[in-house]
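The primary structure of each chain is shown beneath.
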Amino acid sequence: MSDFRVTAIRSLHAEFCVPGDKSISHRAAILGALANGVCTIRNFLPSEDCLNTLYAMQALGARHDVLAELTGYGPTHLVIYGQARRLCPPSVPIDCGNSGTGMRLLAGLLAGQPFDSELFGDASLSSRPMGRITTPLGEMGARIDTRGARPGCAPLLIHGSHLAPITYQMPVASAQVKSAVLLAGLFASGRTTVVQPATTRDHTERMLAAFGVSTHQDGLAIAIDGGQTPQACEFHVPGDISSAAFWLVAAAALPGSRLLIKDVGINPTRTAILQVLGRMGAHLIETVHHSDGEPIGHIEIHGAALTGTTILPAEVPNLIDEIPVIAVAAALACGRTVIRNARELRVKETDRITTVVNNLRAMGAEVIEFEDGLEIQGGRPLHGATIDSFGDHRIAMAFAIAGLFAAGETVISNTECVNTSYPGFAHHLQAILEHQSTPDAFILPTRSNL
Ligand code: S3P
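All values reported here derive from a predicted model rather than from experimental measurement.

The rules behind each value
- Residues numbered from 1 in each chain as written.
- Predicted model: local features only at pLDDT ≥ 70, side-chain atom pairs only at ≥ 80, totals over all residues.
- Heavy atoms only, no water.
- Disulfide = S-S within 2.5 Å.
- Buried < 20%, exposed > 50% of the residue type's maximum accessible area, 1.4 Å probe, protein only.
- Core = buried A, V, L, I, M, F, W, Y, C linked by side-chain atoms within 4.5 Å.
- Helix = DSSP H or I, 4+ residues; strand = E, 2+ residues; numbered from the N terminus.
- Contact = heavy atoms within 4.5 Å.
- Domains from an automatic or database assignment.
- Buried area = accessible area lost by both parts, 1.4 Å probe.
- Salt bridge = Lys/Arg side-chain N within 4 Å of Asp/Glu carboxyl O.
- Polar contact = N/O pair within 3.5 Å; in protein donor to acceptor, adjacent residues only side chain to side chain.
- Nonpolar A, V, L, I, M, F, W, Y, C, P; charged D, E, K, R; others polar.

Caption draft 1: Seen up close, the state of the cysteines. Summed over all chains, the structure comprises zero disulfides. Among the cysteines around C88, which has no disulfide bond, C96 carries the closest sulfur, lying 16 Å off. For C88, a relative accessible area of 35% corresponds to the partly exposed category.

Caption draft 2: Inspection of the nonpolar core at higher detail. If you look at the biggest cluster of nonpolar residues, it comprises 80 residues, and the most contacted ones within it are W247, L277, L360, F399, I401 and F425. No other element matches the ten residues that helix α7 (residues 241-252) contributes to this core. With near-sequence residues (within four places) excluded, F399 lies in contact with V328, V356, N359, L360, M363, I387, T410 and I412. Residues L110, V181, L183 and V213 belong to the second largest nonpolar core, which totals 66 residues.

Caption draft 3: Layout of the domain arrangement of the protein. You can read the domains of the protein as domain 1 (3-19 + 238-448) and domain 2 (22-236). Here domain 1 and domain 2 have C-alpha centroids that lie 28 Å from each other. Between domain 1 and domain 2, the contact holds 28 residues from the first and 27 residues from the second. For the pair domain 1 and domain 2, the summed buried surface comes to about 2600 Å²; carbon and sulfur atoms form 49% of the total. Inspection of the region where domain 1 meets domain 2 yields three salt bridges. Put simply, D321 and R201 hold a salt bridge, and the shortest N to O gap is 3.3 Å. Scanning the region where domain 1 abuts domain 2 turns up 13 residue pairs in polar contact (both at pLDDT 80 or more). Classifying every residue of the side of domain 1 that touches domain 2 gives nine nonpolar, ten polar and nine charged.

Below, the structure written as C-alpha coordinates:
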(Lines give C-alpha, C1' and ligand atoms only; values in the text may rest on other atoms or scores of the structure.)
Protein backbone atom coordinates (compact mmCIF):
# COMPACT_ATOMS: atom_id res chain seq x y z
CA MET A 1 0.00 0.00 0.00
CA SER A 2 1.37 3.41 -0.89
CA ASP A 3 1.41 6.48 1.32
CA PHE A 4 2.14 10.21 1.19
CA ARG A 5 4.63 11.71 3.63
CA VAL A 6 4.02 15.41 3.97
CA THR A 7 5.72 18.20 5.94
CA ALA A 8 4.92 21.88 6.25
CA ILE A 9 5.67 24.27 3.39
CA ARG A 10 6.85 27.85 3.70
CA SER A 11 5.97 29.08 0.23
CA LEU A 12 3.91 28.19 -2.80
CA HIS A 13 4.61 29.96 -6.08
CA ALA A 14 3.55 27.80 -8.99
CA GLU A 15 1.75 27.53 -12.30
CA PHE A 16 0.32 24.31 -13.58
CA CYS A 17 -2.61 22.45 -15.13
CA VAL A 18 -4.63 19.77 -13.43
CA PRO A 19 -5.87 16.71 -15.36
CA GLY A 20 -9.19 16.65 -17.21
CA ASP A 21 -12.54 16.91 -15.49
CA LYS A 22 -13.90 13.63 -14.16
CA SER A 23 -17.61 14.39 -14.57
CA ILE A 24 -17.12 15.64 -18.12
CA SER A 25 -14.87 12.73 -19.14
CA HIS A 26 -17.51 10.17 -18.11
CA ARG A 27 -20.09 11.98 -20.22
CA ALA A 28 -17.72 12.31 -23.19
CA ALA A 29 -17.09 8.55 -23.16
CA ILE A 30 -20.82 7.82 -23.09
CA LEU A 31 -22.00 10.33 -25.68
CA GLY A 32 -19.02 9.64 -27.96
CA ALA A 33 -20.09 5.99 -28.04
CA LEU A 34 -23.71 6.90 -28.84
CA ALA A 35 -22.86 9.35 -31.62
CA ASN A 36 -23.34 8.77 -35.31
CA GLY A 37 -19.66 8.93 -36.31
CA VAL A 38 -16.12 9.33 -35.07
CA CYS A 39 -15.60 11.68 -32.10
CA THR A 40 -12.33 13.14 -30.95
CA ILE A 41 -11.97 13.72 -27.22
CA ARG A 42 -9.02 15.82 -26.00
CA ASN A 43 -7.74 16.00 -22.44
CA PHE A 44 -9.81 12.98 -21.35
CA LEU A 45 -9.13 12.10 -17.71
CA PRO A 46 -7.27 8.77 -17.59
CA SER A 47 -8.38 8.04 -14.04
CA GLU A 48 -9.69 4.64 -12.97
CA ASP A 49 -13.27 5.93 -12.75
CA CYS A 50 -13.36 7.34 -16.27
CA LEU A 51 -11.42 4.44 -17.78
CA ASN A 52 -14.05 2.07 -16.39
CA THR A 53 -16.74 4.06 -18.20
CA LEU A 54 -14.68 4.10 -21.41
CA TYR A 55 -14.22 0.30 -21.18
CA ALA A 56 -17.93 -0.11 -20.42
CA MET A 57 -18.76 1.67 -23.68
CA GLN A 58 -16.25 -0.56 -25.45
CA ALA A 59 -18.01 -3.61 -23.98
CA LEU A 60 -21.24 -2.16 -25.44
CA GLY A 61 -19.69 -2.06 -28.91
CA ALA A 62 -17.97 1.34 -29.21
CA ARG A 63 -14.28 0.92 -29.96
CA HIS A 64 -11.77 3.69 -29.41
CA ASP A 65 -8.23 4.45 -30.55
CA VAL A 66 -5.72 6.18 -28.34
CA LEU A 67 -3.94 9.19 -29.87
CA ALA A 68 -1.98 10.24 -26.78
CA GLU A 69 -1.68 8.96 -23.28
CA LEU A 70 -0.41 9.81 -19.84
CA THR A 71 2.29 7.20 -19.37
CA GLY A 72 1.34 4.65 -16.79
CA TYR A 73 -2.30 5.74 -16.63
CA GLY A 74 -4.21 5.75 -19.93
CA PRO A 75 -5.53 7.82 -22.83
CA THR A 76 -5.76 11.60 -22.69
CA HIS A 77 -6.58 12.07 -26.35
CA LEU A 78 -8.67 9.53 -28.20
CA VAL A 79 -11.15 8.87 -30.95
CA ILE A 80 -14.34 6.96 -30.20
CA TYR A 81 -16.18 5.14 -32.98
CA GLY A 82 -19.79 6.04 -32.21
CA GLN A 83 -22.51 3.43 -32.72
CA ALA A 84 -25.34 5.79 -33.70
CA ARG A 85 -27.36 4.66 -30.62
CA ARG A 86 -27.12 0.96 -31.50
CA LEU A 87 -25.29 -0.65 -28.62
CA CYS A 88 -24.67 -4.37 -28.33
CA PRO A 89 -25.27 -6.56 -25.29
CA PRO A 90 -22.16 -6.88 -23.11
CA SER A 91 -20.83 -10.43 -22.90
CA VAL A 92 -19.87 -10.10 -19.21
CA PRO A 93 -20.98 -7.92 -16.26
CA ILE A 94 -19.63 -4.36 -16.44
CA ASP A 95 -17.20 -3.22 -13.74
CA CYS A 96 -17.80 0.38 -12.58
CA GLY A 97 -14.99 0.20 -10.00
CA ASN A 98 -15.36 2.96 -7.41
CA SER A 99 -17.50 5.26 -9.51
CA GLY A 100 -21.02 6.31 -8.51
CA THR A 101 -21.17 8.55 -11.58
CA GLY A 102 -20.19 5.71 -13.90
CA MET A 103 -22.72 3.28 -12.43
CA ARG A 104 -25.64 5.70 -12.23
CA LEU A 105 -25.18 7.18 -15.71
CA LEU A 106 -24.67 3.75 -17.28
CA ALA A 107 -27.78 2.44 -15.52
CA GLY A 108 -29.79 5.28 -17.11
CA LEU A 109 -28.37 4.45 -20.52
CA LEU A 110 -28.83 0.67 -20.18
CA ALA A 111 -32.42 0.93 -18.90
CA GLY A 112 -33.61 1.73 -22.42
CA GLN A 113 -31.62 -0.89 -24.35
CA PRO A 114 -33.24 -3.99 -25.82
CA PHE A 115 -31.04 -6.34 -23.75
CA ASP A 116 -30.15 -7.22 -20.17
CA SER A 117 -26.93 -6.11 -18.52
CA GLU A 118 -25.28 -6.15 -15.13
CA LEU A 119 -23.28 -3.41 -13.40
CA PHE A 120 -21.06 -4.04 -10.38
CA GLY A 121 -18.46 -2.13 -8.41
CA ASP A 122 -16.03 -2.28 -5.51
CA ALA A 123 -17.00 -2.55 -1.83
CA SER A 124 -17.52 1.21 -1.46
CA LEU A 125 -19.72 1.48 -4.56
CA SER A 126 -21.65 -1.65 -3.50
CA SER A 127 -22.70 0.17 -0.34
CA ARG A 128 -23.96 3.35 -2.00
CA PRO A 129 -27.69 3.98 -2.57
CA MET A 130 -29.00 3.03 -6.01
CA GLY A 131 -32.71 3.38 -5.18
CA ARG A 132 -32.40 7.01 -6.25
CA ILE A 133 -31.97 5.82 -9.85
CA THR A 134 -33.87 2.54 -9.82
CA THR A 135 -37.03 4.41 -8.72
CA PRO A 136 -37.30 6.81 -11.70
CA LEU A 137 -35.96 4.24 -14.17
CA GLY A 138 -38.55 1.77 -12.86
CA GLU A 139 -41.29 4.38 -13.38
CA MET A 140 -40.13 4.61 -16.99
CA GLY A 141 -40.62 0.87 -17.40
CA ALA A 142 -37.18 -0.63 -16.80
CA ARG A 143 -36.84 -3.47 -14.32
CA ILE A 144 -33.68 -3.19 -12.24
CA ASP A 145 -32.86 -5.75 -9.57
CA THR A 146 -30.50 -4.60 -6.86
CA ARG A 147 -28.53 -7.68 -5.99
CA GLY A 148 -26.26 -6.28 -3.27
CA ALA A 149 -25.83 -7.57 0.25
CA ARG A 150 -27.24 -4.20 1.36
CA PRO A 151 -30.80 -3.43 0.27
CA GLY A 152 -31.04 -1.12 -2.73
CA CYS A 153 -27.36 -1.49 -3.58
CA ALA A 154 -25.30 -2.82 -6.50
CA PRO A 155 -24.74 -5.14 -8.31
CA LEU A 156 -27.56 -3.96 -10.58
CA LEU A 157 -29.22 -6.39 -12.95
CA ILE A 158 -30.86 -4.24 -15.60
CA HIS A 159 -33.64 -5.64 -17.76
CA GLY A 160 -33.68 -3.01 -20.47
CA SER A 161 -36.97 -2.28 -22.18
CA HIS A 162 -38.97 0.18 -24.18
CA LEU A 163 -39.22 3.25 -21.93
CA ALA A 164 -42.13 5.59 -21.33
CA PRO A 165 -41.41 9.27 -20.69
CA ILE A 166 -42.04 10.61 -17.18
CA THR A 167 -41.86 13.85 -15.25
CA TYR A 168 -39.66 13.13 -12.27
CA GLN A 169 -39.35 15.34 -9.23
CA MET A 170 -35.94 14.44 -7.79
CA PRO A 171 -35.97 14.13 -3.98
CA VAL A 172 -32.18 14.79 -3.76
CA ALA A 173 -30.16 17.42 -5.59
CA SER A 174 -28.06 14.97 -7.60
CA ALA A 175 -26.51 15.52 -11.01
CA GLN A 176 -26.02 11.77 -11.30
CA VAL A 177 -29.74 11.10 -10.90
CA LYS A 178 -30.66 13.92 -13.30
CA SER A 179 -28.19 12.54 -15.85
CA ALA A 180 -29.40 8.95 -15.50
CA VAL A 181 -32.99 10.07 -16.19
CA LEU A 182 -31.94 12.27 -19.14
CA LEU A 183 -29.91 9.43 -20.70
CA ALA A 184 -32.87 7.08 -20.26
CA GLY A 185 -35.08 9.84 -21.72
CA LEU A 186 -32.97 9.84 -24.87
CA PHE A 187 -34.28 6.28 -25.42
CA ALA A 188 -37.89 6.92 -24.33
CA SER A 189 -40.75 7.72 -26.68
CA GLY A 190 -41.75 11.31 -25.96
CA ARG A 191 -40.60 14.04 -23.59
CA THR A 192 -38.98 13.15 -20.26
CA THR A 193 -38.67 15.91 -17.67
CA VAL A 194 -36.60 15.92 -14.54
CA VAL A 195 -37.13 18.57 -11.88
CA GLN A 196 -34.26 19.34 -9.53
CA PRO A 197 -34.79 20.54 -5.94
CA ALA A 198 -31.75 22.83 -6.46
CA THR A 199 -29.32 23.52 -9.29
CA THR A 200 -26.83 20.70 -9.83
CA ARG A 201 -23.87 20.53 -12.19
CA ASP A 202 -25.09 20.84 -15.78
CA HIS A 203 -22.40 18.93 -17.70
CA THR A 204 -24.88 16.45 -19.17
CA GLU A 205 -27.04 19.22 -20.64
CA ARG A 206 -23.98 21.01 -22.05
CA MET A 207 -22.48 17.80 -23.45
CA LEU A 208 -25.80 16.81 -25.06
CA ALA A 209 -25.89 20.26 -26.72
CA ALA A 210 -22.31 19.84 -27.96
CA PHE A 211 -23.43 16.56 -29.57
CA GLY A 212 -26.44 18.27 -31.19
CA VAL A 213 -29.07 16.85 -28.81
CA SER A 214 -31.49 19.49 -27.57
CA THR A 215 -32.78 19.75 -24.03
CA HIS A 216 -35.18 22.37 -22.70
CA GLN A 217 -34.61 24.11 -19.42
CA ASP A 218 -37.36 25.88 -17.50
CA GLY A 219 -36.09 26.96 -14.11
CA LEU A 220 -35.05 23.81 -12.29
CA ALA A 221 -36.77 21.50 -14.83
CA ILE A 222 -34.85 19.94 -17.72
CA ALA A 223 -36.66 18.10 -20.52
CA ILE A 224 -35.39 15.87 -23.29
CA ASP A 225 -37.23 14.47 -26.31
CA GLY A 226 -36.46 10.82 -26.93
CA GLY A 227 -35.21 9.48 -30.23
CA GLN A 228 -32.50 12.08 -30.95
CA THR A 229 -29.15 10.79 -32.23
CA PRO A 230 -26.00 12.47 -30.89
CA GLN A 231 -23.91 13.92 -33.72
CA ALA A 232 -20.17 13.15 -33.65
CA CYS A 233 -18.02 16.11 -32.62
CA GLU A 234 -14.65 17.12 -31.21
CA PHE A 235 -14.69 17.83 -27.52
CA HIS A 236 -12.02 19.36 -25.31
CA VAL A 237 -12.31 18.42 -21.64
CA PRO A 238 -11.28 21.27 -19.30
CA GLY A 239 -9.09 20.69 -16.25
CA ASP A 240 -11.01 19.52 -13.20
CA ILE A 241 -11.79 22.31 -10.74
CA SER A 242 -12.38 19.66 -8.05
CA SER A 243 -8.73 18.58 -8.49
CA ALA A 244 -7.56 22.21 -8.63
CA ALA A 245 -9.41 22.78 -5.32
CA PHE A 246 -6.67 21.02 -3.34
CA TRP A 247 -3.99 23.43 -4.55
CA LEU A 248 -6.32 26.42 -4.37
CA VAL A 249 -6.82 25.74 -0.66
CA ALA A 250 -3.08 25.23 -0.11
CA ALA A 251 -2.33 28.59 -1.76
CA ALA A 252 -5.30 30.38 -0.15
CA ALA A 253 -4.19 29.46 3.35
CA LEU A 254 -0.55 30.50 2.89
CA PRO A 255 -0.12 34.29 3.05
CA GLY A 256 2.28 35.50 0.34
CA SER A 257 1.67 32.56 -2.00
CA ARG A 258 0.64 32.84 -5.64
CA LEU A 259 -0.74 29.99 -7.70
CA LEU A 260 -1.97 29.97 -11.28
CA ILE A 261 -4.06 26.97 -12.38
CA LYS A 262 -4.41 27.04 -16.14
CA ASP A 263 -7.06 25.75 -18.54
CA VAL A 264 -9.43 24.65 -15.82
CA GLY A 265 -13.21 24.27 -16.06
CA ILE A 266 -15.05 27.27 -14.61
CA ASN A 267 -18.60 26.14 -15.25
CA PRO A 268 -20.71 28.22 -12.82
CA THR A 269 -22.34 25.06 -11.43
CA ARG A 270 -18.89 24.07 -10.12
CA THR A 271 -17.20 27.27 -8.99
CA ALA A 272 -18.73 27.88 -5.54
CA ILE A 273 -15.34 26.88 -4.10
CA LEU A 274 -13.98 30.17 -5.51
CA GLN A 275 -16.70 32.22 -3.81
CA VAL A 276 -16.06 30.41 -0.54
CA LEU A 277 -12.29 30.96 -0.64
CA GLY A 278 -12.92 34.60 -1.60
CA ARG A 279 -15.24 35.04 1.40
CA MET A 280 -12.57 33.49 3.60
CA GLY A 281 -10.12 36.19 2.48
CA ALA A 282 -8.14 34.77 -0.47
CA HIS A 283 -7.64 37.01 -3.46
CA LEU A 284 -8.79 35.37 -6.71
CA ILE A 285 -8.62 36.39 -10.35
CA GLU A 286 -10.59 34.33 -12.85
CA THR A 287 -9.94 34.77 -16.58
CA VAL A 288 -12.32 33.08 -18.99
CA HIS A 289 -10.73 32.31 -22.34
CA HIS A 290 -13.19 29.91 -23.88
CA SER A 291 -16.86 29.87 -23.15
CA ASP A 292 -18.61 27.67 -25.71
CA GLY A 293 -19.82 24.40 -24.34
CA GLU A 294 -17.84 24.18 -21.14
CA PRO A 295 -16.22 27.45 -20.01
CA ILE A 296 -12.45 27.16 -19.52
CA GLY A 297 -10.09 29.69 -17.98
CA HIS A 298 -7.22 30.41 -15.63
CA ILE A 299 -7.59 30.83 -11.89
CA GLU A 300 -4.96 32.85 -10.07
CA ILE A 301 -5.05 32.85 -6.29
CA HIS A 302 -3.06 34.79 -3.71
CA GLY A 303 -2.97 33.53 -0.13
CA ALA A 304 -4.04 35.43 2.97
CA ALA A 305 -4.82 34.88 6.63
CA LEU A 306 -8.20 33.18 6.21
CA THR A 307 -11.32 33.67 8.29
CA GLY A 308 -14.17 31.19 8.78
CA THR A 309 -17.39 31.29 6.80
CA THR A 310 -20.83 29.71 6.55
CA ILE A 311 -21.57 27.56 3.52
CA LEU A 312 -24.97 28.50 2.12
CA PRO A 313 -27.51 25.72 1.45
CA ALA A 314 -27.66 26.57 -2.28
CA GLU A 315 -23.86 26.28 -2.51
CA VAL A 316 -23.76 22.71 -1.23
CA PRO A 317 -24.51 20.81 -4.49
CA ASN A 318 -22.08 23.11 -6.31
CA LEU A 319 -19.15 22.27 -4.02
CA ILE A 320 -20.12 18.88 -2.61
CA ASP A 321 -16.84 17.22 -3.72
CA GLU A 322 -14.75 20.10 -2.36
CA ILE A 323 -16.14 19.97 1.19
CA PRO A 324 -13.32 17.77 2.59
CA VAL A 325 -10.69 20.27 1.49
CA ILE A 326 -12.87 23.26 2.45
CA ALA A 327 -13.00 21.73 5.93
CA VAL A 328 -9.19 21.72 5.92
CA ALA A 329 -9.19 25.42 4.91
CA ALA A 330 -11.63 26.05 7.77
CA ALA A 331 -9.27 24.42 10.29
CA LEU A 332 -6.51 26.76 9.06
CA ALA A 333 -8.75 29.84 9.22
CA CYS A 334 -9.44 32.06 12.16
CA GLY A 335 -12.98 31.70 13.54
CA ARG A 336 -15.89 29.37 12.92
CA THR A 337 -16.92 27.65 9.68
CA VAL A 338 -20.34 26.04 9.45
CA ILE A 339 -21.18 23.41 6.83
CA ARG A 340 -24.78 22.13 7.11
CA ASN A 341 -27.38 20.74 4.64
CA ALA A 342 -24.70 18.35 3.40
CA ARG A 343 -26.13 14.95 4.42
CA GLU A 344 -25.22 13.69 0.92
CA LEU A 345 -21.61 13.55 2.10
CA ARG A 346 -22.53 10.47 4.11
CA VAL A 347 -23.18 8.46 0.92
CA LYS A 348 -20.09 9.39 -1.07
CA GLU A 349 -17.06 7.08 -1.50
CA THR A 350 -16.90 7.08 2.33
CA ASP A 351 -19.07 8.78 4.91
CA ARG A 352 -17.18 12.02 4.35
CA ILE A 353 -18.65 13.75 7.40
CA THR A 354 -17.24 11.15 9.76
CA THR A 355 -13.93 10.67 7.93
CA VAL A 356 -13.26 14.43 7.78
CA VAL A 357 -14.24 14.95 11.44
CA ASN A 358 -12.08 12.06 12.70
CA ASN A 359 -9.07 12.98 10.58
CA LEU A 360 -9.22 16.68 11.47
CA ARG A 361 -9.45 15.80 15.16
CA ALA A 362 -6.45 13.46 14.78
CA MET A 363 -4.46 16.49 13.57
CA GLY A 364 -5.55 18.69 16.48
CA ALA A 365 -8.51 20.60 15.01
CA GLU A 366 -11.64 21.43 16.97
CA VAL A 367 -14.66 20.04 15.13
CA ILE A 368 -18.31 19.30 15.93
CA GLU A 369 -20.11 16.63 13.89
CA PHE A 370 -23.75 17.01 12.86
CA GLU A 371 -26.00 14.59 11.06
CA ASP A 372 -25.90 16.90 8.03
CA GLY A 373 -22.51 18.50 8.30
CA LEU A 374 -19.82 19.84 10.59
CA GLU A 375 -18.65 22.95 12.34
CA ILE A 376 -14.98 23.80 12.63
CA GLN A 377 -13.52 26.22 15.13
CA GLY A 378 -10.42 27.17 13.16
CA GLY A 379 -7.06 28.46 14.24
CA ARG A 380 -5.81 25.63 16.47
CA PRO A 381 -2.35 24.59 15.28
CA LEU A 382 -2.38 21.31 13.35
CA HIS A 383 0.11 18.58 14.11
CA GLY A 384 1.26 15.66 11.97
CA ALA A 385 -0.56 12.36 12.39
CA THR A 386 -1.08 9.10 10.57
CA ILE A 387 -4.24 9.54 8.55
CA ASP A 388 -6.17 6.80 6.81
CA SER A 389 -7.81 7.70 3.50
CA PHE A 390 -10.26 4.78 3.99
CA GLY A 391 -9.82 4.29 0.24
CA ASP A 392 -11.44 7.65 -0.53
CA HIS A 393 -9.47 9.71 -3.05
CA ARG A 394 -10.73 13.09 -1.88
CA ILE A 395 -9.96 12.29 1.76
CA ALA A 396 -6.39 11.25 0.84
CA MET A 397 -5.80 14.48 -1.10
CA ALA A 398 -7.53 16.83 1.36
CA PHE A 399 -5.39 15.53 4.23
CA ALA A 400 -2.20 15.76 2.18
CA ILE A 401 -3.06 19.49 2.00
CA ALA A 402 -3.62 19.58 5.77
CA GLY A 403 -0.16 18.04 6.16
CA LEU A 404 1.38 21.01 4.31
CA PHE A 405 0.35 23.15 7.31
CA ALA A 406 1.02 20.76 10.20
CA ALA A 407 3.95 20.63 12.59
CA GLY A 408 6.00 17.45 12.04
CA GLU A 409 5.27 14.75 9.51
CA THR A 410 1.83 13.71 8.30
CA VAL A 411 1.54 10.26 6.80
CA ILE A 412 -1.49 9.56 4.63
CA SER A 413 -1.89 5.84 4.19
CA ASN A 414 -3.78 3.92 1.53
CA THR A 415 -3.27 6.52 -1.21
CA GLU A 416 -3.60 4.43 -4.41
CA CYS A 417 -7.20 5.63 -4.43
CA VAL A 418 -6.15 9.08 -5.72
CA ASN A 419 -5.95 7.48 -9.17
CA THR A 420 -9.74 7.29 -9.23
CA SER A 421 -9.82 11.03 -9.96
CA TYR A 422 -6.34 12.58 -10.05
CA PRO A 423 -3.59 10.57 -11.76
CA GLY A 424 -0.36 12.47 -11.06
CA PHE A 425 -1.43 13.99 -7.73
CA ALA A 426 1.64 12.50 -6.01
CA HIS A 427 3.88 14.08 -8.64
CA HIS A 428 2.36 17.53 -8.06
CA LEU A 429 2.57 17.12 -4.29
CA GLN A 430 6.23 16.14 -4.57
CA ALA A 431 7.01 19.16 -6.77
CA ILE A 432 5.41 21.49 -4.22
CA LEU A 433 7.33 19.89 -1.33
CA GLU A 434 10.62 20.07 -3.23
CA HIS A 435 10.38 23.75 -4.15
CA GLN A 436 10.68 25.00 -0.60
CA SER A 437 14.25 26.26 -0.93
CA THR A 438 13.59 28.51 -3.96
CA PRO A 439 11.15 31.39 -3.69
CA ASP A 440 10.78 31.56 -7.51
CA ALA A 441 7.65 30.33 -9.19
CA PHE A 442 7.92 26.89 -10.70
CA ILE A 443 5.96 25.86 -13.73
CA LEU A 444 4.74 22.33 -13.87
CA PRO A 445 3.29 21.25 -17.18
CA THR A 446 0.97 18.29 -16.82
CA ARG A 447 -0.73 16.89 -19.82
CA SER A 448 2.09 15.32 -21.77
CA ASN A 449 5.03 15.17 -19.44
CA LEU A 450 3.81 14.18 -16.05
C1 S3P B 1 -21.19 14.00 -10.19
C2 S3P B 1 -22.13 14.53 -9.38
C3 S3P B 1 -21.94 14.72 -7.93
C4 S3P B 1 -20.50 14.52 -7.48
C5 S3P B 1 -19.82 13.40 -8.19
C6 S3P B 1 -19.86 13.59 -9.70
C7 S3P B 1 -21.47 13.87 -11.64
O8 S3P B 1 -22.77 13.81 -7.27
O9 S3P B 1 -20.44 14.33 -6.09
O10 S3P B 1 -18.45 13.31 -7.79
O11 S3P B 1 -20.52 13.70 -12.42
O12 S3P B 1 -22.66 13.96 -12.01
P13 S3P B 1 -24.35 14.05 -7.14
O14 S3P B 1 -25.02 13.05 -7.96
O15 S3P B 1 -24.61 13.93 -5.69
O16 S3P B 1 -24.66 15.42 -7.68
